[in-house]
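Now for the letters of each chain:
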Amino acid sequence: MRPERPEQHHRNNRNNQYDQHDQHEDPFAERPRRSAWFRVTVAGGAALSLCLVGWLGWQALANSSSGRAGAAAPRSSAAFSEGDLLDPSAAAPGSPAPSGAGASVAAGSPSAAPSGSSSPGGRQLAGRTVLLDAGHNTGNGRHTSDIAKQVDIGNSRKECDTTGTSTDAGYSEADFTLDVVHRARQILRDRGATVVLTQDGDRAWGPCIDERARIGNEAKADAAVSVHGDGAPGSASGFHVIMPSRVVAGKADTSAIVDPSHRLGVLLRDGFKAATGEPYADYIGQQGLDTRGDLGGLNLSRVPKVFIECGNMRNSGDAKRMTDPQWRQQAAQGIADALTSYLTTS
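The structure presented is a predicted model; accordingly, all values stated were derived computationally and were not measured.

**Thoughts on the nonpolar core**
Generally speaking, soluble globular proteins have nonpolar side chains that are buried together.
(1) Moving on: Of all hydrophobic cores here, the largest spans 41 residues; its most connected members are Leu132, Leu188, Val225, Ile308, Ile335 and Leu339.
(2) Moving on: Among the elements of the structure, β1 (129-134), α4 (173-190), β4 (194-197), β5 (223-230), β6 (240-244), α6 (258-276), β10 (305-312) and α9 (325-345) are those that each provide at least two residues to this core.
(3) Moving on: Of the residues forming this core, the biggest block, nine residues, is contributed by α9.
(4) Moving on: Those residues in contact with leucine 339 that lie beyond four places of it in its chain are Val130, Leu132, Leu188, Ala223, Val225 and Leu264.

**Quick word on the packing of aromatic side chains**
(1) Moving on: Applying the stated criterion to the full structure yields three aromatic pairs.
(2) Moving on: Ring centres 5.9 Å apart and planes at 80° place the aromatic pair phenylalanine 272 and tryptophan 327 in the edge-to-face group. Here the residue phenylalanine 272 occupies a position in helix α6, and tryptophan 327 occupies one in helix α9, the gap between them amounting to 55 residues.
(3) Moving on: Phenylalanine 272 gets classed as buried once you look at its relative accessible area, which sits at 0%.
(4) Moving on: On the basis of relative accessibility, which here comes to 5%, the residue tryptophan 327 falls in the buried class.
(5) Moving on: A connected cluster of aromatic rings, assembled from ring pairs, spans Phe239, Phe272, Tyr280 and Trp327.

**Considering the side chain of aspartate 133**
(1) Moving on: Tracing the backbone through its elements, the reader meets aspartate 133 in strand β1.
(2) Moving on: At a separation of 2.8 Å, a polar atom in the side chain of aspartate 133 contacts the side chain of serine 226.

**Description of the state of the cysteines**
(1) Moving on: If you walk through the whole model with that rule in mind, you get one disulfide.
(2) Moving on: Sulfur-sulfur distance for the disulfide between cysteine 160 and cysteine 208 comes to 2.0 Å. For the disulfide bridge between cysteine 160 and cysteine 208, the dihedral angle about the S-S bond is near -95°, and by the sign convention the bridge is left-handed. Placement of cysteine 160 in the loop between β3 (157-159) and α4 and of cysteine 208 in the loop between β4 and α5 (209-218) is noted, with a sequence separation of 48 residues between them.
(3) Moving on: Among the residues examined, cysteine 208 registers a relative accessible area of 14% and is labelled buried.

Parameters at a glance
- Along each chain, residues carry numbers from 1 onward, in the same order as the chain's sequence is written.
- This being a predicted model, a pLDDT of at least 70 is required before a residue's local features are given, and a value of 80 or more before pairs of side-chain atoms are given or counted; all residues contribute to the totals for chains, interfaces and linings.
- To get the side-chain values, take all heavy atoms of the structure and skip hydrogens and water.
- Throughout, nonpolar core names a set of buried Ala, Val, Leu, Ile, Met, Phe, Trp, Tyr and Cys residues whose side chains join them through atoms within 4.5 Å.
- Per-residue accessibility, obtained with a 1.4 Å probe over protein chains only, is compared with the maximum for each type, and a residue is labelled buried under 20%, exposed over 50%, and partly exposed between these values.
- Each helix corresponds to a stretch of at least 4 residues labelled H or I by DSSP, and each strand to a stretch of at least 2 residues labelled E; elements are numbered beginning at the N terminus.
- In this analysis, two residues are considered to be in contact whenever any of their non-hydrogen atoms come within 4.5 Å of each other.
- Aromatic pairing here means that ring centres of Phe, Tyr or Trp (its six-membered ring) are within 6.5 Å. Orientation follows from the plane angle: under 30 degrees is stacked, over 60 is edge-to-face, and everything else is tilted.
- Any pair of nitrogen or oxygen atoms within 3.5 Å is treated as a polar contact; in protein, a donor-acceptor pairing is required on top of that, and neighbouring residues in sequence qualify only through side-chain atoms on both sides.
- The disulfide criterion used throughout: a pair of cysteine sulfur atoms within 2.5 Å.

Structural data, given as structure tokens:
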């Protein structure tokens, strides 16, 4: 997505000993039998002791479980800074990521879902709506005058859309994004979600970036992800997630979505890396995260939304992976798992 991808971009049956003596020969027959009231009193005391021991044991177990759950729960703070990691054991922003870094260990996180599973937990997303935005359109190149028209994104005006990029071998970003979106849609539908697409390969061109945002707003989506592939120089590689900055200008106001979008972005970053093994971008952002205020699809969104640049299509290694259907299925899995985590832990 160079330089702007306008949509390129949370688990006594025990008999009393005195009763047993009553049922058998009494070995202490020479002793006077104790009164019934004495036996009842002793039995009651024993039962009460057993109940107390049982309650204390249960309480200890509950406290232990509660402590483990509290340690595993995702952070609930609404405030995030660039490069936040949900996994507190992962590297600090700017330091080398350890092996497996990015896969959150929080309960309900993408890494907690069975790898390759299309429906962990059954239809847990029933009643939720997700917007998937496949960046660009294969027909945009035949409608250059249409996509060149300027649209209002609040703090500036931008082209309606662009053609997108492609691999050196000609595999287009538009083909890539639509395929990944179709795969993610099926996983999310299997989990009960209603999935809305901005375009399904059924339009001659577009839609424009402002319309892409409007589709999510009108659907009242609980979360939205715009899928892209980048077109950076060939020496650059890796993926990154773009989150909205605070923009209040004209018809743009991202104030309400900045924090939830950042949370979604961190989960998407973690889930995508866990599913695909793709490294963080080495040419932009920090630890796979970037924040921008110049993308119409984010500026105009009223629902939590992020972009993901799944890799650099101009890099030979990234391109090889992105043209592999199995890798694209993993990419879709990572996206769907992140959305599932977001919608079930928020």
